[in-house]
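# Structure assessment
Below, each chain spelled out in residue letters.
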Amino acid sequence: MFAAATTSKHYGLFRLAYDSKYLIPKHRLSIDLTYLPNQMCDFYGFNGYETEYVDAYVDSDSPEYYITRAFYKMKRDMFRFSADLQGTIKKPWYWNAGVGLLWYNVGSVDVDRLNKYTKDDDDKLPVATTLYDEYVKQGYISDDEANGGAHPYLHGGITFDTRDRQQNPRKGIHADMFLTYYAGLGDMSSFNDLKLNATWRQYISLIPQRLTFAYRLGTQLNLADESPFYLNTYINQLYMQRVIYEGLGGANSIRGIMRNRVLAEGVAFANVEFRVQVVHFRVGKENFYIGLNPFMDAGMIVQPYDEYDYAYNLLNITKSSENRMHDLHLSAGCGLKVAMNENFVLSVDWATALDKQDNGKASNLYIKMGYMF
């Protein structure tokens, strides 16, 4: 599979992916080569609710707007290579092993580049300090990690899989647990860390071919040594099925909550949904259904960054006045699915955060392919 897209403001996707169960008999081989440039990547600080989010400062229609809509943004260009192999221990148990490389180029938003193709002066971004800039200035993001770096990794683990099908399963369990060891190249050689990931997905058929209850529980923990902050925004995977696995929040983890809102050394998340197939019909020889899936998502911090001295209190918004670091970040919504022959599913999810600290917008729409898990 090959995909490519880009914009004049340095946001894009370039991906070459291969996934096969046949090239190596009785093994699944997955290879991924991806480049994701993003000049306006979300950055809302560390430890979730411990960093207060103020929507008025990035809303140009607000009388309090005197910073910039880029205040909660940073530059993030990511290159990813992965090669993963899965084999059978004894069904339904499988082993997994893989190698890869994550390279990040991070930094301040390039205002000049973003303004280059903006003709209306009122729409141009002002040169202003962002939250990321202030974190670097105060030392919460060290000079060693402030510009990113290259990190080769090894990972391995086990999978338990009793699903009746890979796409849109009706019943069964899909669980995995694995370790990922990251090293650092060049100036990043001081960063070497070990992460643990565990995920449990279960699908329960309540009405055959009509109603399925599905849920997912997951966690990512830092077990040893130090990880640069940008690697903590990445949710590790045994093999790549989607383009982006970034941050808690957004279309692939906690719908309705801003991407990277829940950023810490260790996090946990949950998704619960009902998958209802409302209408079945045929067009020619093709089978279709239209479905709905009401859902609720949650995330929380389980390994916070060390407490910071927020004495500088940037514009009186950096430190939350309440001790809510370990509170749940909750969202709810409903999805519309249009499926053809079970394998092709067009998904439109609407979601809202249950706390305005997690998103200033009450309504958030995500259009993608397939179910989230």
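Residues numbered from 1 in each chain as written. Predicted model: local features only at pLDDT ≥ 70, side-chain atom pairs only at ≥ 80, totals over all residues. Heavy atoms only, no water.

## Observations regarding the overall build of the protein chain
Quick reminder of the rule: Here a strand is any run of E in DSSP of at least two residues, a helix any run of H or I of at least four, and the numbering for each starts at the N terminus. Here the globule rule reads 2.2 Å times residues to the power 0.38, and the radius of gyration is calculated from C-alpha atoms. Three labels apply to residues, based on accessible area from a 1.4 Å probe with only protein chains included: buried if under 20% of the type maximum, exposed if over 50%, partly exposed otherwise in between. The method behind every accessible area is Shrake-Rupley, applied with a 1.4 Å probe, and residues are considered shielded solely by the protein chains displayed.
Across its full length, the protein chain carries 2 helices and 15 strands. The C-alpha atoms of the protein chain give 21 Å as radius of gyration, which agrees with the globular expectation for 373 residues (21 Å, within 12%). Across the 373 residues in the protein chain, those meeting the buried criterion constitute 52%. Carbon and sulfur atoms make up 58% of the accessible area of the protein chain, which amounts to about 17400 Å² in all.

## A short note on the pairing of strand S15 (residues 364-369)
The line we're drawing: Only strands that DSSP links by at least two bridges are regarded as paired with each other.
Of the two faces of S15, only the one carrying Asn364, Tyr366 and Lys368 is buried; Leu365, Ile367 and Met369 on the other face are not. As judged from the 6 bridges shared by strand S14 (residues 344-353) and S15, these two strands associate in the antiparallel manner. The residue bridging Ala351 from the neighbouring strand is Asn364, located in S15.

## Thoughts on the packing of aromatic side chains
This is how the line gets drawn: Two rings from Phe, Tyr or Trp (for Trp, the six-membered ring) form a pair when their centres are within 6.5 Å of each other. A pair whose planes differ by under 30 degrees is stacked, one over 60 is edge-to-face, and the rest are tilted. Whether a charge lies above a ring is judged from NZ of Lys or CZ of Arg, which has to be within 6 Å of the ring centre and within 35 degrees of the ring normal.
Under the counting rule described, the total for this entry stands at 22 aromatic pairs. Centre to centre, the rings of Phe46 and Tyr135 are 5.0 Å apart; their planes meet at 90 degrees, and the pair counts as edge-to-face. Of the two residues, Phe46 is situated in the loop between strand S4 (41-42) and strand S5 (73-90) and Tyr135 in helix H2 (residues 131-138); the sequence distance between them amounts to 89 residues. In this structure, Phe46 and Tyr135 share a single accessibility class: buried. Ring geometry for Phe213 against Phe274: centres 5.1 Å apart, planes inclined by 45 degrees, an arrangement best described as tilted. Of this pair, Phe213 sits in strand S10 (residues 211-225) while Phe274 is found in strand S11 (residues 266-283), placing the two residues 61 residues apart along the sequence. Since its relative accessible area comes to 36%, Phe274 is described here as partly exposed. Ring pairing ties together the aromatic residues Phe43, Phe46, Tyr104, Tyr132, Tyr135, Tyr140, Phe229, Tyr230 and Tyr305, which thus form one cluster. Seen from the ring of Tyr371, Lys337 lies directly overhead, with NZ or CZ sitting 4.9 Å from the centre.

## Here's the deal with unusual backbone geometry
That bond from Lys91 to Pro92 is cis: its omega, 10 degrees, falls within 30 degrees of zero. Locating Pro92 in the fold gives a position in the loop between S5 and strand S6 (93-107). Backbone geometry at Asn168 places phi at a positive 50 degrees, although glycine is not the residue there. Locating Asn168 in the fold gives a position in the loop between strand S7 (148-161) and strand S8 (172-182). Even without being glycine, Asp225 reaches a positive phi, approximately 65 degrees. Looking at where Asp225 falls in the secondary structure, it is placed in strand S10.

## Points about the pattern of salt bridges
Counted only if it meets this: For this analysis, a salt bridge means a side-chain nitrogen from Lys or Arg found within 4 Å of a carboxyl oxygen belonging to Asp or Glu.
Scanning the entire structure with this criterion turns up 21 salt bridges. A salt bridge links Arg28 to Asp19, with the nearest nitrogen and oxygen atoms 2.7 Å apart. By relative accessible area, which is 6% here, Arg28 ends up buried. Asp19 sits in the partly exposed class, given a relative accessible area of 44%.

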